[in-house]
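Descriptive structure summary
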Amino acid sequence: MLEKIIKAYDIRGLVKNEITPDFSFALGVAFAKFLEYEREPATIVVGEDMRESSPLLADAFTNGANSQGMDVIRIGLASTDMLYFASGKLNLPGIMFTASHNPAKYNGMKLCKSGARPIGQDTGLLKIRELIEKGVPISNRPVGSSRKENLLKDYANYLFAQFPKNTFKKRKLKVVIDAGNGMAGFTAPAVMAKLDIDLIPMYFELDGNFPNHEANPIEAKNLKDLQKRVKKEKADIGLAFDGDADRCFLVDEKGNLVNPSALTALIADRALARDPGSTIIYNLISSRSVKEVVEENGGIAVRSRVGHSYIKKMMADTGAIFGGEHSGHFYFRDFWKADSGMLAALHAIAALGETDTPLSKLLSSFNRYYSSGEINSTVSDAKAAMNQIEKIYGKKDGVEVDHLDGLTINGDTWWFNLRASNTEPLLRLNVEASTEARMKKVRDDVLNMIRGDLDILVLIP
């Protein structure tokens, strides 16, 4: 079971028989011992989302950590980026109880070291799993204590401290926010109250059963309500957050979905205006326009694998001021290199408020290419499928092949990337091209190979 639920970047599973209070207690014991080995501070910050199971799991974890002599600060309801804020501000390790965008039957944990430094498989999760499997000796340290602390106001104030004074004093905007019954329904009121905007809330009621739609804005179907509301209200911008509010997606004034790469480019443009010549991280399935915008503005664009642990490490290694992912995660140097959906949202509001231009026109210079979005195909052997496609495309003139993350084939006016899922028998395809016709041609050609008659592949209806 541990192999199943302890994933590359976090822990996630079914509440009924995987992510249980007993498991959470054992995790508290193991995490405390791990932090002792790492010579981390002897206090853990604990946050929780709105799922019915989260308080019970947080209680059990606290008891486990206390039994090993660790003190615990319970910050209560929080978004994941609010937990990162607490870890950074207090310089303490932390844990967030959330299953992010997953349905109600799931829950999980995201862990970090002091200063919001991420813990993934290579940086601690495998060691923690080993400690759970082997068991941890009874500690000879005194039992730890637990106390509560409310950091919501401090969190909101810190976000605004990232902007120059009077940044938000220019144009009054009408803003629609879809919290998806997730944690943005808790944090957005505190943050947006500091702005002079006309706020139209959608699904702010905290409900881990997600009665209106899944809190997963990367799926276009979950943004339809927001698109309709933006058009109905004649709003300037729509914002959508996932369940734990660490990701942000935009809808423009016409109700059109905004490619996350355009928001990455916009924030990069703003960041480089403040810190000329700085480094910006982007993952390899972001649009080519991100690299172009960074370099046009005198910055250094550095390409990363997909996944927050890679981006955060590269930000630390390169001193980058900002990083963006296609999945709606945006990372900020001055937010302890962690991701914050709310901080990204404030950058979008600030940029829009500084001009009389509508959002669609503001972003037009960043939307230079046509993207397929991520398309999943079930295959019996992902590695063999990628090898087969590489043999076909690798022979073409003017084509470059790289293996930074899966298989990327670069043409002159197009590119595509294939990556295998870490947890499912899936191949993930992303295609981009300079024209819509070219994008569709490359997309369909690759999909026909993946879903065709090759023995190594499984046809998908």
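Now for a look at the structure at hand. Since this is a predicted model, take the numbers as computed values, not measurements. (Residues numbered from 1 in each chain as written. Predicted model: local features only at pLDDT ≥ 70, side-chain atom pairs only at ≥ 80, totals over all residues. Heavy atoms only, no water.)

What to know about the packing of helix α2 (residues 21–37) against helix α3 (residues 54–67)
Running from N to C, α2 and α3 point in directions that differ by 35°, and their axes come no closer than 7 Å. The hand of the α2/α3 crossing is right-handed. Residue-level contacts link Pro21, Ser24, Phe25, Leu27, Gly28, Val29, Phe31 and Ala32 of α2 to Leu57, Ala60, Phe61, Asn63, Gly64, Ala65 and Ser67 of α3. Here the contact of α2 with α3 is composed, by residue class, of 10 nonpolar, 5 polar and no charged. (Axes fitted to C-alpha atoms, helices over the stretch in contact; angles between N-to-C directions. Helix = DSSP H or I, 4+ residues; strand = E, 2+ residues; numbered from the N terminus. Left-handed = near helix turned anticlockwise from the far one by under 90°. Contact = heavy atoms within 4.5 Å. Nonpolar A, V, L, I, M, F, W, Y, C, P; charged D, E, K, R; others polar.)

Section: the environment of Thr20
Within the element layout of this structure, Thr20 appears in the loop between β1 (11–14) and α2. For Thr20 and Lys396, which are 376 residues apart along the polypeptide, the C-alpha to C-alpha distance reads 52 Å. For Thr20, the residues in contact, after removing those within four places along its chain, are Val15 and Leu57.

Here we look at the sheet that holds strand β13 (residues 300–304)
One open sheet holds the 5 strands; their spatial order is β13-β12-β14-β15-β16, and the pairing between them is mixed. The open sheet terminates on both sides in strands that have one partner only, identified here as β13 and β16 (338–339). Alignment of strand β15 (residues 330–332) against β16, held across 2 bridges, turns out to be antiparallel. In the strand pairing of β16, Phe332 is matched with Ala338. Helix-sheet contacts for helix α9 (residues 260–274) involve β12 (279–283), β14 (322–324) and β15, and the interaxial angle to β15 is about 15°. (Pairing = 2+ DSSP bridges.)

Quick word on the layout of surface pockets
Reported here for the second largest pocket is a volume of approximately 360 Å³. Lining the second largest pocket we find 21 residues, and of these Gln162, Ala271, Arg274, Asp334 and His347 sit closest to its centre. Listing elements by their share of the lining of the second largest pocket, those giving two or more residues are α9 and α12 (341–353). Examining the composition of the lining of the second largest pocket, we find that 5 residues originate from one element, α9, more than from any other. (1 Å grid on protein atoms, 1.4 Å probe; cavity = no way out; pocket = protein on both sides within 12 Å on 5 of 7 lines; lining within 4 Å. Points joined across faces, edges and corners; volume = space filled by probe spheres on them.)

A short note on empty space enclosed by the protein
Under the criterion given, the structure shown has 2 cavities of 30 Å³ or more. When its volume is computed, the largest cavity comes out at roughly 80 Å³. Residue classes in the lining of the largest cavity are distributed as 6 nonpolar, 2 polar and 5 charged. Reported here for the second largest cavity is a volume of approximately 40 Å³. Among the residues forming the lining of the second largest cavity, the class breakdown is 5 nonpolar, 3 polar and 2 charged.

Some points on the nonpolar core
Ranked by size, the top nonpolar core spans 76 residues in total, and within it Val191, Met192, Leu239, Phe241 and Leu346 carry the most contacts. Top element by residues in this core is α12. It accounts for 10 residues. If sequence neighbours within four positions are ignored, Val191 has contacts with Tyr155, Ala156, Leu159, Phe160, Met342 and Leu346. Among the nonpolar cores identified, the runner-up in size contains 29 residues, and Ile19, Ile119, Leu125 and Ile132 belong to it. (Core = buried A, V, L, I, M, F, W, Y, C linked by side-chain atoms within 4.5 Å. Buried < 20%, exposed > 50% of the residue type's maximum accessible area, 1.4 Å probe, protein only.)

Remarks on unusual backbone geometry
One non-glycine residue, Tyr203, lies in positive phi territory at about 55°. Along the polypeptide, Tyr203 turns up in the loop between β9 (198–202) and α8 (224–233). Residue classification places Tyr203 among the partly exposed residues on the basis of a relative accessible area of 21%. Phi angles above zero are rare outside glycine, and Ala245 is one such case at about 60°. Within the secondary structure, Ala245 is located in the loop between β10 (237–241) and β11 (248–251).

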